[in-house]
Amino acid sequence: MPEHYPDQFDDVMDFIQATIKRLKRSPDKQMAVLPRRERNRQAAAANPENSRGKGRRGQRGKNRGCVLTAIHLNVTDLGLGYETKEELIFRYCSGSCDAAETMYDKILKNLSKSRRLVSDKAGQACCRPIAFDDDLSFLDDNLVYHILRKHSAKRCGCI
């Protein structure tokens, strides 16, 4: 029977390899993948009585910048039209890039406010992925093989 499907062999092998990679990354080990700052923040949120409330150089209560955040989801929850019970850890970038503002950004903002620029839509730095996780391979409920590329952030930065 396998000789009837020689063109699908590579897809099946990709799926098996991706599944093995995912199984090697257990949920307990996922915490180590997050940046140290995010792990510390999650640990402090889990144990508020142990948190001393100290921030770096008065950052307490202020914006902490562009950070990687993780959430456990079902692939169906991504809203891409796939019906499956497959789950994943989705990582995304959140936060502001005010601290990454350069002199160029300040000048653009000032020129925009004073209406010296034709367009008042001067760009500003935003928190975006600068690297992505490995591809995600899965079978949907109809046993159709899919690969999601660049679906989850690996590192974030102000762009």
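Here, every reference points to the structure presented above.
Conventions and cut-offs
Residues numbered from 1 in each chain as written. Predicted model: local features only at pLDDT ≥ 70, side-chain atom pairs only at ≥ 80, totals over all residues. Heavy atoms only, no water. Helix = DSSP H or I, 4+ residues; strand = E, 2+ residues; numbered from the N terminus. Buried < 20%, exposed > 50% of the residue type's maximum accessible area, 1.4 Å probe, protein only. Contact = heavy atoms within 4.5 Å. Areas by Shrake-Rupley, 256 points an atom, 1.4 Å probe, with all protein chains shown as cover. Core = buried A, V, L, I, M, F, W, Y, C linked by side-chain atoms within 4.5 Å. Salt bridge = Lys/Arg side-chain N within 4 Å of Asp/Glu carboxyl O.

Colleague: Could you give an account of the overall build of the protein chain, with specific residues and numbers?
Modeller: A count of helices and strands for the protein chain gives four helices and six strands. The secondary structure elements of the protein chain, listed N-terminal to C-terminal, are α-α-α-β-β-α-β-β-β-β. By residue count, 24% of the 159 residues in the protein chain fall in the buried class. A separation threshold of at least 6 residues defines the contact pool for the protein chain, and within that pool the share at least 24 residues apart is 58%. Element-wise, carbon and sulfur atoms account for 52% of the exposed surface of the protein chain, whose accessible area totals about 12200 Å².

Colleague: Break down the environment of Asp-105 for me, citing the residues and quoting the values.
Modeller: With respect to the helices, strands and loops of the structure, Asp-105 is situated in helix 4 (residues 103-113). Residue Asp-105 is classed as buried on the basis of its relative accessible area, which comes to 16%. Asp-105 sits 20 residues away from Ala-125 along the chain, and the two C-alpha atoms are 8.1 Å apart.

Colleague: So, the nonpolar core: which residues are in play, and what are the values?
Modeller: Counting eight residues, the largest nonpolar core consists of Cys-66, Leu-68, Cys-93, Cys-97, Ala-125, Cys-127, Ala-153 and Cys-156. In terms of nonpolar packing, the next biggest core, distinct from the first, is built from seven residues, Leu-73, Val-75, Tyr-82 and Leu-136 among them.

Colleague: Outline the pattern of salt bridges, supporting the account with residue identities and numerical values.
Modeller: Enumeration according to the criterion identifies two salt bridges in this entry. Arg-91 serves as the salt-bridge partner of Asp-133, at 2.6 Å between the closest nitrogen and oxygen. You can see Asp-133 sitting in the loop between strand 3 (127-132) and strand 4 (136-139) and its partner Arg-91 sitting in strand 2 (residues 87-94), a full 42 residues away along the chain. A residue is classified by how much of its surface remains accessible, and Arg-91, at 4% relative accessible area, is buried. In this structure, the salt-bridge partner of Arg-149 is Asp-135, at a minimum N-O distance of 3.5 Å. With Arg-149 in the loop between strand 5 (145-148) and strand 6 (153-158) and Asp-135 in the loop between strand 3 and strand 4, this pair connects stretches of sequence that are 14 residues apart. Its relative accessible area of 56% is what places Arg-149 among the exposed residues.

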